[in-house]
Amino acid sequence: MRIRSLLPLPAVVALVTLLVAVALAQQQEVRPPIARVWMDVATNIFAAPRIPGAPPLPPMFVPPRENQFGYTRHMFGRYLDTALFVRTRPQGIQATHGIPQGLRLGASLPLEPVRPAAASPGAPSGERDPGTAEQPKGRVLFYWGCSADVRPGQPRTVDFARASAQEWATVWQGRFVPERGAQAEPGHSIWPNERDKRILPDGASLQGEHTITGDGVPPGLRFAIGAAQDLMPAIEPAVEGEPQASLSLRWRALPTARAYFLGAFGAKGNDLIIWSSSDVPEAGMGLFEYLPNANIERWTAERVLLAASTTQCAIPRGIFADTEGALLRMIAYGEELNLVAPPRPSDPRVVWEQQWALRVRVKSTLMMPLTLGR
């Protein structure tokens with residue numbers, strides 16, 4: 001039996017048209033910011049190898065004599081990468097980053113535009129005849145979880161020679177986020193650069209007022225950096241136990257850390273042993289990077305990341321025994337700061353004319369030998 005409409009068809013069409021018009025009217029027009037600023041802040045530490053019976057040595061690093069953009073990613077030390085893009089000046093500009101006194105680098109830092117790199121003529125393609133490739137040998141043995149004993153169902157084993165793409169995915173294709181930070185791309189203006197290669201001095205702090213000025217930069221690009229986005233302290237681990245038994249890792253909680261993640265790997269013959277602190281199967285190859293706040297919260301709730309209150313973790317007994325050296329990696333995630341000026345108008349009929357946007361990312365990382373080999 002058909003149910004008759006309470007309204008005639010023309011009235012229904014008119015009502016739907018009205019609702020669509022109201023919905024479209026409520027969609028606020030948003031215009032992208034004229035200027036975008038990215039700041040990546042990193043404390044990257046290499047700790048001395050543990051020596052049985054000896055007191056632990058403090059984290060250490062020997063910074064290079066000159067700074068270089070991108071050192072926040074991989075170089076040991078304390079670093080800041082800043083990048084600016086002005087939409088109305090797509091070729092890049094010379095700009096000035098006014099900094100607080102606590103950074104100990106004077107009143108400002110110069111931002112220099114990145115120029116397109118010239119192609120290298122005759123560069124080798126890097127391609128290799130597949131017929132000459134040697135078939136890999138060995139296996140990947142993957143363990144996970146903070147536990148003194150190997151958990152049931154572990155390790156997850158992948159044979160180099162016979163593994164399918166799906167089997168490889170169970171180890172390598174884990175969680176990650178696309179790159180969202182400071183980049184030395186053509187059109188971006190960056191620090192450090194060829195004009196200023198200074199290293200951050202001891203005791204440097206980002207806390208305080210910052211300004212960005214330059215041709216095309218909206219007036220009033222001014223923001224404050226607080227303790228949550230300052231350079232994080234170094235991770236100071238203490239390692240107890242022996243690989244034949246279980247290794248216990250302890251550290252002092254970092255006051256601005258939102259979560260932690262640990263991973264270790266070592267070689268035993270043709271086998272590669274991988275362990276992560278995740279409570280669920282996650283090797284974490286893509287997690288030793290800056291993470292947005294939302295991902296940190298979600299992956300902590302999923303027990304992939306360790307909560308900020310965590311100060312210890314155990315590596316299962318025996319998994320790194322008799323290895324040809326094992327290396328530990330650890331990361332503490334800081335809180336990401338995102339600002340847009342001016343704020344979004346409350347009236348959806350008013351166009352949101354964004355003048356500038358800022359993203360600041362913070363992390364502290366550690367690398368340390370767990371074993372020195374047989």
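Calculation notes
Residues numbered from 1 in each chain as written. Predicted model: local features only at pLDDT ≥ 70, side-chain atom pairs only at ≥ 80, totals over all residues. Heavy atoms only, no water. Helix = DSSP H or I, 4+ residues; strand = E, 2+ residues; numbered from the N terminus. Buried < 20%, exposed > 50% of the residue type's maximum accessible area, 1.4 Å probe, protein only. Contact = heavy atoms within 4.5 Å. Areas by Shrake-Rupley, 256 points an atom, 1.4 Å probe, with all protein chains shown as cover. Pairing = 2+ DSSP bridges. Axes fitted to C-alpha atoms, helices over the stretch in contact; angles between N-to-C directions. Core = buried A, V, L, I, M, F, W, Y, C linked by side-chain atoms within 4.5 Å. Phe/Tyr/Trp six-rings, centres within 6.5 Å; stacked < 30°, edge-to-face > 60°. Lys NZ or Arg CZ within 6 Å of the ring centre and 35° of its normal. 1 Å grid on protein atoms, 1.4 Å probe; cavity = no way out; pocket = protein on both sides within 12 Å on 5 of 7 lines; lining within 4 Å. Points joined across faces, edges and corners; volume = space filled by probe spheres on them. Nonpolar A, V, L, I, M, F, W, Y, C, P; charged D, E, K, R; others polar.

Participant: I would appreciate a short explanation of the overall build of the protein in the present structure.
Facilitator: A tally of helices and strands in the protein yields four helices and 20 strands. Burial statistics for the protein: of 374 residues in total, 43% are counted as buried. A separation threshold of at least 6 residues defines the contact pool for the protein, and within that pool the share at least 24 residues apart is 75%. A total accessible area of about 19900 Å² is found for the protein, and carbon and sulfur atoms account for 56% of it.

Participant: For this particular structure, what's the right way to read the sheet that holds strand 16 (residues 312–315)?
Facilitator: Strand pairing in a sheet relies on backbone hydrogen bonds. The paired strands run either parallel or antiparallel. Strand order across the open sheet formed by three strands is 11-12-16, with antiparallel pairing between neighbours. Each end of this open sheet is capped by a strand with a single partner; those strands are strand 11 (237–241) and strand 16. Between one strand axis and the next, the sheet turns through 20 degrees on average, direction left out of account.

Participant: Help me understand the nonpolar core in this model?
Facilitator: Side chains that are nonpolar tend, in soluble globular proteins, to be buried together. Leu 84, Trp 275, Leu 328 and Leu 370 are the most contacted members of the largest nonpolar core, which totals 60 residues. Here this core gets seven residues from one element, more than from any other, and that element is strand 20 (residues 356–371). When residues no more than four places from it in sequence are discounted, the contact partners of Leu 84 are Ala 35, Arg 36, Val 37, Trp 38, Ile 93, Ala 95, Leu 111, Gly 187, His 188, Ser 189, Ile 212 and Val 217. Val 177, Leu 287, Val 304 and Ile 331 belong to the second-largest nonpolar core, a separate cluster that totals 13 residues.

Participant: It is not clear to me how the packing of aromatic side chains should be interpreted in this structure. Could you clarify?
Facilitator: Each aromatic ring pair is characterised by the separation of its centres together with the angle its planes make. Evaluation of the coordinates by the stated rule reveals six aromatic pairs. Between Phe 46 and Phe 76, the aromatic rings sit 5.5 Å apart at their centres with planes inclined by 55 degrees, giving tilted as the arrangement. Placement of Phe 46 in strand 2 (residues 35–46) and of Phe 76 in the loop between helix 2 (71–74) and strand 3 (77–86) is noted, with a sequence separation of 30 residues between them. Look at Phe 46 and you get partly exposed, because its relative accessible area is 24%. Here Phe 76 falls in the partly exposed class, since its relative accessible area comes to 27%. Ring centres 5.0 Å apart and planes at 35 degrees place the aromatic pair Phe 142 and Trp 144 in the tilted group. Each member of the pair, Phe 142 together with Trp 144, is buried. The ring centre of Phe 288 lies 4.1 Å from the NZ or CZ of Arg 329, which sits over that ring.

Participant: Quick question: what am I supposed to make of the layout of surface pockets here?
Facilitator: Left-over empty space is what a probe sized like a water molecule reveals as it rolls over the atoms. Of the pockets and cavities examined, the second largest pocket occupies roughly 210 Å³. As for the second largest pocket, its lining consists of 14 residues, of which Arg 73, His 74, Arg 329, Thr 365 and Met 367 are closest to the centre. Among the secondary structure elements, those contributing two or more residues to the lining of the second largest pocket are strand 2, helix 2, strand 17 (326–333) and strand 20. Ranked by residue count, the leading element in the lining of the second largest pocket is strand 20, at four residues. Looking at the lining of the second largest pocket, its residues break down into seven nonpolar, three polar and four charged.

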